[in-house]
Amino acid sequence: MEKLCYMSALELGQKIQVGELQVREAVDSCLRQIAAVESSLHAFLARNEEGLEERICEVETGIREGRYSGPLAGVPAAVKDNICTRGLPTTCASKMLEHFVPTFDAEAVRRMEAEGMILLGKTNMDEFAMGSTTETSYFQITVNPWNREHVPGGSSGGSCAAVAAGEVPVALGSDTGGSIRQPASYCGVCGLKPTYGRVSRYGLIAYASSLDQIGPIGRTVADCAALFAVISGRDEKDSTSSGRPLETLKELISGGLKGMRIGVPKELFGEGTDEEVRKAILDAARSMKEQGAQMEEFSLGLTDYLIPAYYIIACAEASSNLERFDGVKYGYRSPEATELHEMYRKSRQEGFGAEVKRRILLGSFVLSSGYYDAYYLKALKAKALIKEEFDRAFEKYDCILAPAAPSTAPKLGTSLTSPLKMYLSDIDTVAVNLCGLPAVSVPCGLDSKGLPIGMQVIGNRFQEKKILQAAAAYEALRGGFTRAGLEWR
Amino acid sequence: MAKQYETVIGLEVHVELATATKIFCGCSTKFGGRPNTHTCPVCTGMPGSLPVLNQKVVEYALKLGLALNCEINRYCQFDRKNYFYPDNPQNYQISQLYLPICHDGYLEIDVSGEKKKIRIHEMHMEEDAGKLIHDEWEDCSLVDYNRSGVPLLEIVSEPDMRTAEEVIAYLEKLRMLCRYLGVSDCKLQEGSMRADVNLSVREAGSRGLGTRTEMKNLNSFKAITHAIEGERERQIELLADHRQVVQETRRWDDNKEASYGMRSKEDAKDYRYFPDPDLQPVVISDEWLKKLRGEQPEFQEERRERFQKAYGLSEYDAGILTQSRHLADLFETVADLSGFPKKTANWLMVEGLRILKEKGQEPEELSFTPKHLAELIQAVERGEINHANARLVFEQILDADVEPLHFMEEQGMRMVSDDGALAAAVEETLCENPKVVEEYRSGKEKVFGFLVGQVMKKMMGKADPGRVNELLKKRL
């Protein structure tokens, strides 16, 4: 039998539900794996230890009494550290929030608790979700489970590494410009960025409010779909959350590829895309075509404007969202300051890292008077036009296929030296956020260095079913995926 | 000859809305709670919290917008105004800049019989900030977020006013509209109505606008009047002296009766306004607007005319009674219940307003049961209580909402109309004062008053003097 800690979340949940497996056993298998790998992986920032024993008992009783009857009841999970958990530190991997403990649970976490899932801890990330490698974390560097000299990707690097290394079967991430899909592809796991408005943002510490979305990460498409079903749906506490009806888990992943119309935008396979990545995805496309999908190459316009539009809008919103971290109410306050403005200045200077400050400055600039029209408004117009491009594409296609990143995981310490180059590597993922679309990243092989390659399936708004259906069918076709190769000592 | 100057004034008025809960969360808007007891993650700016718009705020804004003859932006949005200050927990205020809910309206004022339209530039919704408390003893500052997130409407006029009287007339009219609509209690002292005065002067006859200053911290009509007069003088002096007026924000000091420059245009902040991505645009439907139009109350002018016609009141009386919707409602109910509209008007205006003035209260604070006043008025008209006592009962109704008939009984104020007891008292008096009776009968009519007094004394004052006269005359 497969090692328990590598079992899929749905299989664990099923065995727990029929009494074949105790919740405690499932949790213990994860804790043993964490004990074995965490000292070199560094995926977790905080562990849920204090209330764990009590929670296990409560969930076991709840399952016996039928209170927890969902497919993920009793399944352990981890949560990215920018998602509020009552009583557990939520730091955004920033010195600014080093000792911050929220007084409430994020809505997504509340729904996981209500499902009977067991929260094991909070995972590392780029500071305030700003970064593509998890290296901007104030606390620690998470490594790639496939090769510890490489980054796990980011910003949800901790969640993706934890899932890939068998520390937890599923985890929550957040995705503002690719922060679930890119690290999922680097770590060889599945990650879903839902349609904007599908999952409540209540309790997600905002980076860019109009782009942020919480999503699931798992080792299989079905696990992602199952966690998505748990956390999605209208929440009155988030004005931007949608009341659109939701499919059941079974509906989300069934249907296969036959007759599905899939578009392949050539602009996302061109210059700058690693040849091995390109080939792996086109091979995957070919095998999907053999299963009855209609594949067609097409031209997606305005791709030159994706990165500028994204960084202007994201940084503008971030500059405002991060104003609340001022040393007044919570978080870091500089001990040096003697008056109000000095307190603001020093607390923010010392509390934020370089990448966060860079984005706050950029965002403040594009919103300032005289530049608002030239940058921010123009970016909004570009966004509207890009949306139209996708609307046109979705008149013809059910899904769009693209790489999740132009290359596989870079080496540690090589990305932050050139921020602009790092920003440009977001080319494959940011359009999805600008247009509020759903997209799933699914592993489709390894490159010659043995690092995972991820394929992205993008759908129209609220069409999670179509992309999950396609991804699940591809996954079945691909066959079992090799596990992260490192032996952890 | 000295030049003649004209004053040009525009107002920015903040009105705190009388909703039960805050604009973006469910916390209470009650004034005066213990610090930080009406707060939650949203109105204290906790990370991860999100605003959810209170629809009542939009409704109130639309009601006032309609009353101010405004155009309604059927698609409006909220913007963030970014600035750092500790009373502002997110360090941005959610307000409206690009698409405010209402614009281009007017308010008609009446200054000594002259009617004038003051144009409204725009009106928008926004959230209030918390309150900073500086603790001198501990040498620190504390923040109370109870007021953070209380809904405000900001009403911006065009520079159409020329005198302090016009400004006060505008504010009074605006306050009356708000109260008629029930959207705000508009108390300047408690800060639920705040006015910033933009003022400039120019040579009489000139059409351009002079450099203006903005005056803040004006907490009463008196302060506003004095501030306008002072600022007008100050600017004229500068100009007469060939010096420049600096565009700046000035703070009024009520104790010193003077204003001081706070910040000039050079250090004006860049608020980096942009649409708040946490909130959906507000779309106002035809049905909603139609419904609100239908619900608009009868405003003062209409009501005053109706009171004159239906109750036979003078224009002056009807005007006073309709100053406040609450007072007008009370009048109407009591008048209908008692059947004596003119008496009702007298009681409310003469006694009622006198008492309110003594207590420093507003007509809105009258909170007695209309039926009680109606019963008192009827008792007076039936001769069951004399006027002096009726005034005492009236005070008790205003103070403690007593039931007048019961109270009169209890206090022995009810006048005896039982002729038996009265006749007996008359007989007794006549027997006890044979000499006086003799004097009267011999033509000394002056002594009649004495006899009446004696009877009243026996009745402990609880007799109708008219009836006493009647009975005495009959017996003499």
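Residues numbered from 1 in each chain as written. Chains lettered and ligands numbered in written order. Predicted model: local features only at pLDDT ≥ 70, side-chain atom pairs only at ≥ 80, totals over all residues. Heavy atoms only, no water.

Participant: If you had to explain the overall build of chain A to someone new, which residues and values would you point to?
Facilitator: For chain A, the count of helices and strands is 16 helices and 11 strands. Taking 23 Å as the expected radius of gyration for a compact globule of 489 residues, we find that chain A reaches 21 Å, a close match to that expectation. By its C-alpha atoms, chain A is 65 × 55 × 45 Å across when sized along the principal axes. Relative to its 489 residues, chain A shows a buried fraction of 64%. Here the contacts in chain A between residues at least 6 apart in sequence split such that 77% fall between residues at least 24 apart. On chain A, the mean spot of the 55 positive side-chain charges and the mean spot of the 62 negative ones are 2 Å from each other. (Helix = DSSP H or I, 4+ residues; strand = E, 2+ residues; numbered from the N terminus. Rg over C-alpha atoms; globule rule 2.2 N^0.38 Å. Buried < 20%, exposed > 50% of the residue type's maximum accessible area, 1.4 Å probe, protein only. Contact = heavy atoms within 4.5 Å. Lys, Arg positive; Asp, Glu negative; His and termini not counted. Charge placed at Lys NZ, Arg CZ, Asp CG, Glu CD.)

Participant: Describe the nonpolar core, listing the residues and the values that go with them.
Facilitator: Ranked by internal contacts, the top residues of the largest apolar core, which has 270 residues, are Phe128(A), Met455(A), Leu68(B), Tyr170(B), Leu171(B) and Ile224(B). It is helix α2 (residues 164-181) of chain B that provides the largest number of residues to this core, a total of 12 residues. Two domains each put at least three residues into this core: domain 1 (5-288) and domain 2 (298-410) of chain B. Look past the residues within four positions of Leu171(B) in its chain and what remains in contact with it is Leu11(B), Val13(B), Met193(B), Ala195(B), Phe221(B) and Ile224(B). Among the nonpolar cores identified, the runner-up in size contains 18 residues, and Ala425(B), Val436(B), Leu471(B) and Leu472(B) belong to it. (Core = buried A, V, L, I, M, F, W, Y, C linked by side-chain atoms within 4.5 Å. Domains from an automatic or database assignment.)

Participant: So what's going on with the sheet that holds strand β10 (residues 151-157) of chain B? Which residues, and what values?
Facilitator: Residues and elements named next belong to chain B. Taken in spatial order, the 9 strands make up an open sheet running β2-β6-β7-β10-β1-β11-β12-β13-β14, and their pairing is mixed. In this open sheet, the two strands that pair with only one neighbour each are β2 (71-72) and β14 (258-264). Two strands pair when backbone bridges link them, and strand β7 (residues 114-127) and β10 are joined in this way by 7 bridges, in the antiparallel orientation. Note that in β10 the partner of Glu122 across the bridge is Val156. Its contacts with the sheet put α2 on β1 (5-16), β6 (102-111), β7, β10 and β11 (193-203), and the angle it makes with β6 is roughly 115 degrees. (Pairing = 2+ DSSP bridges. Axes fitted to C-alpha atoms, helices over the stretch in contact; angles between N-to-C directions.)

Participant: Explain the packing of helix α1 (residues 55-67) of chain B against helix α4 (residues 286-295) of chain B to me, and be specific about the residues and the numbers.
Facilitator: Residues and elements named next belong to chain B. With their axes 10 Å apart at the nearest point, α1 and α4 run at an angle of 60 degrees to one another. What the angle tells us is that α1 and α4 run oblique. By crossing handedness, the relation of α1 to α4 is classed as right-handed. Taken together, the residues of α4 that come into contact with α1 (itself represented by Gln55, Val58, Glu59, Leu62, Lys63 and Leu66) are Trp288, Leu289, Leu292, Arg293 and Glu295. Class assignment for the residues of the contact of α1 with α4 results in 6 nonpolar, 1 polar and 4 charged. (Parallel < 35°, antiparallel > 145°, perpendicular 65-115°, else oblique. Left-handed = near helix turned anticlockwise from the far one by under 90°. Nonpolar A, V, L, I, M, F, W, Y, C, P; charged D, E, K, R; others polar.)

Participant: Could you give an account of the sheet that holds strand β15 (residues 274-275) of chain B, with specific residues and numbers?
Facilitator: Strand order in the open sheet formed by 3 strands is β5-β4-β15 (chain B), with antiparallel pairing between adjacent strands. Two strands close off the open sheet at either side, each with one partner strand: β5 (92-95) and β15 of chain B. Note that strand β4 (residues 79-82) of chain B and β15(B) share 2 bridges and pair antiparallel. Within β15(B), the position partnered with Arg80(B) by the bridge is Phe274(B). The sheet strands contacting helix α10 (residues 306-321) of chain A are β4, β5 and β15 of chain B, and the helix crosses β4(B) at an angle near 60 degrees.

Participant: Quick one: what's the story with the layout of surface pockets, residue by residue and with numbers?
Facilitator: Residues and elements named next belong to chain B. The space that makes up the second largest pocket amounts to roughly 960 Å³. Forming the boundary of the second largest pocket are 30 residues, of which Glu172, Met176, Gln300, Gly319 and Gln323 lie nearest the centre. The set of elements that each furnish at least two residues to the lining of the second largest pocket consists of β6, α2, α5 (300-311), α6 (315-321), α7 (325-338) and α8 (341-359). Looking at the lining of the second largest pocket, the element that brings in the most residues is α2, giving 7 residues. In terms of residue class, the lining of the second largest pocket is built from 10 nonpolar, 6 polar and 14 charged. (1 Å grid on protein atoms, 1.4 Å probe; cavity = no way out; pocket = protein on both sides within 12 Å on 5 of 7 lines; lining within 4 Å. Points joined across faces, edges and corners; volume = space filled by probe spheres on them.)

Participant: Break down the interface of chain B and chain A for me, citing the residues and quoting the values.
Facilitator: On the side of chain A, 38 residues touch chain B, which itself brings 31 residues to the contact. Summed over the three residues of chain B that lose the most area to chain A, namely Pro47(B), Phe84(B) and Arg272(B), the buried surface amounts to 23% of that side. Taken together, the connections running from chain B to chain A amount to 2 salt bridges. A salt bridge links Asp278(B) to Arg201(A); the nearest nitrogen and oxygen atoms lie 3.2 Å apart. Applying the counting criterion to the chain B and chain A interface returns 19 residue pairs in polar contact (both at pLDDT 80 or more). Counted by class, the side of chain B that touches chain A contains 19 nonpolar, 8 polar and 4 charged residues. (Buried area = accessible area lost by both parts, 1.4 Å probe. Salt bridge = Lys/Arg side-chain N within 4 Å of Asp/Glu carboxyl O. Polar contact = N/O pair within 3.5 Å; in protein donor to acceptor, adjacent residues only side chain to side chain.)

Participant: Go over the environment of Asn82(A) with me, naming the residues and quoting the values.
Facilitator: All names here are of chain A. Structurally, the position occupied by Asn82 is in the loop between β2 (76-80) and α4 (107-115). A relative accessible area of 2% means that Asn82 is categorised as buried. In this structure the C-alpha to C-alpha distance between Asn82 and Ile217, which are 135 residues apart in sequence, comes to 15 Å. For Asn82, the residues in contact, after removing those within four places along its chain, are Thr90, Cys92, Met125, Ala129, Ser174, Gly203, Leu204 and Ile205.

Participant: Which residues make up the domain arrangement of chain B, and what values go with them?
Facilitator: Per the domain assignment, the segments of chain B are domain 1 (5-288), domain 2 (298-410) and domain 3 (419-475). Placing the centre of domain 2 of chain B and that of domain 3 of chain B at their C-alpha centroids yields a distance of 36 Å.

Participant: Explain the side chain of Glu167(A) residue by residue, including any values.
Facilitator: All names here are of chain A. Relative to the helices and strands, Glu167 is located in the loop between α5 (157-164) and β4 (170-175). Buried and without a salt bridge, Glu167 has Arg47 as its closest oppositely charged side chain, separated by 7.3 Å. Ignoring any residue separated from it by four or fewer positions in sequence, one finds Glu167 in contact with Cys30, Gln33, Ile34, Val37, Glu38, Leu41, Ala43, Phe44, Leu120 and Ala162.

Participant: I'd like a description of a negative patch on the surface, backed by residues and values.
Facilitator: All names here are of chain B. A cluster of acidic residues, Glu165, Glu229, Glu233 and Glu237, forms a negative patch on the protein surface. If one sorts the elements of the negative patch by residue count, helix α3 (residues 221-240) sits on top with 3 residues. Among the structural elements, Glu165 can be located in helix α2. In this structure Glu165 comes out as partly exposed when scored by relative accessible area, which is 48%. (Patch = residues over 30% accessible without salt bridge, like charges linked within 9 Å, V, L, I, M, F, W, Y side chains within 5 Å. Areas by Shrake-Rupley, 256 points an atom, 1.4 Å probe, with all protein chains shown as cover.)

Participant: Break down the pairing of β4(A) for me, with residues and values.
Facilitator: Residues and elements named next belong to chain A. With 6 of 6 residues buried, β4 lies mostly within the body of the structure. With 3 bridges connecting them, β2 and β4 associate as parallel partners. The partner of Ala77 across the bridge, within β4, is Val170. By the bridge criterion, 6 bridges tie β4 to strand β6 (residues 213-218) in an arrangement that is antiparallel. Following the sheet pairing, Leu172 is matched in β6 by Pro216.

Participant: Account for the packing of aromatic side chains, naming residues and giving values.
Facilitator: Residues and elements named next belong to chain A. Counting across every chain of the model gives 28 aromatic pairs over all chains. The interplanar angle of 55 degrees and the centroid separation of 5.5 Å between the aromatic rings of Phe100 and Tyr330 together place this pair among those described as tilted. One end of the pair, Phe100, is in the loop between β2 and α4; the other, Tyr330, is in the loop between α10 and α11 (340-351), and 230 residues separate them in sequence. Note on accessibility: Phe100 and Tyr330 belong to one class, buried. Every member of this aromatic cluster is reached through a ring pair, and the members are Phe100, Phe128, Phe325, Tyr330 and Phe352. The ring of Tyr68 is capped by Arg67, whose NZ or CZ atom sits 5.8 Å from the centre of that ring. Sitting over the face of the ring of Tyr330, Lys329 holds its NZ or CZ atom 5.5 Å from the ring centroid. (Phe/Tyr/Trp six-rings, centres within 6.5 Å; stacked < 30°, edge-to-face > 60°. Lys NZ or Arg CZ within 6 Å of the ring centre and 35° of its normal.)

Participant: I'd like a rundown of the pairing of strand β11 (residues 452-459) of chain A, residues and numbers included.
Facilitator: All names here are of chain A. Most of β11 sits inside the fold, with 8 of its 8 residues counted as buried. Side chains of β11 alternate between two faces, with Pro452, Gly454, Gln456 and Ile458 and Ile453, Met455, Val457 and Gly459 buried alike. Alignment of strand β9 (residues 399-403) against β11, held across 5 bridges, turns out to be antiparallel. Bridge pairing in β11 links Ala402 to Gln456. Both strand β10 (residues 439-446) and β11 contribute to a ladder of 6 bridges, which runs antiparallel. Within β11, the position partnered with Pro443 by the bridge is Gly454.

Participant: So what's going on with a nonpolar patch on the surface? Which residues, and what values?
Facilitator: A surface patch of nonpolar side chains, about 270 Å² in accessible area, is lined by Leu302(A), Tyr305(A) and Leu385(A). Take Leu302(A): its relative accessible area is 30%, and that puts it in the partly exposed class.

Participant: Describe the pattern of salt bridges, with residues and values.
Facilitator: Residues and elements named next belong to chain A. What the rule picks out here adds up to 70 salt bridges over all chains. Between Glu355 and Arg358 there is a salt bridge, with the nearest N and O atoms lying 2.8 Å from each other. With a gap of 3 residues between them, Glu355 and Arg358 both fall in helix α12 (residues 354-367), about one helical turn apart. Overall, Glu355 belongs to the buried group, its relative accessible area being 6%. According to the relative accessible area criterion, Arg358 is partly exposed, its value standing at 35%.

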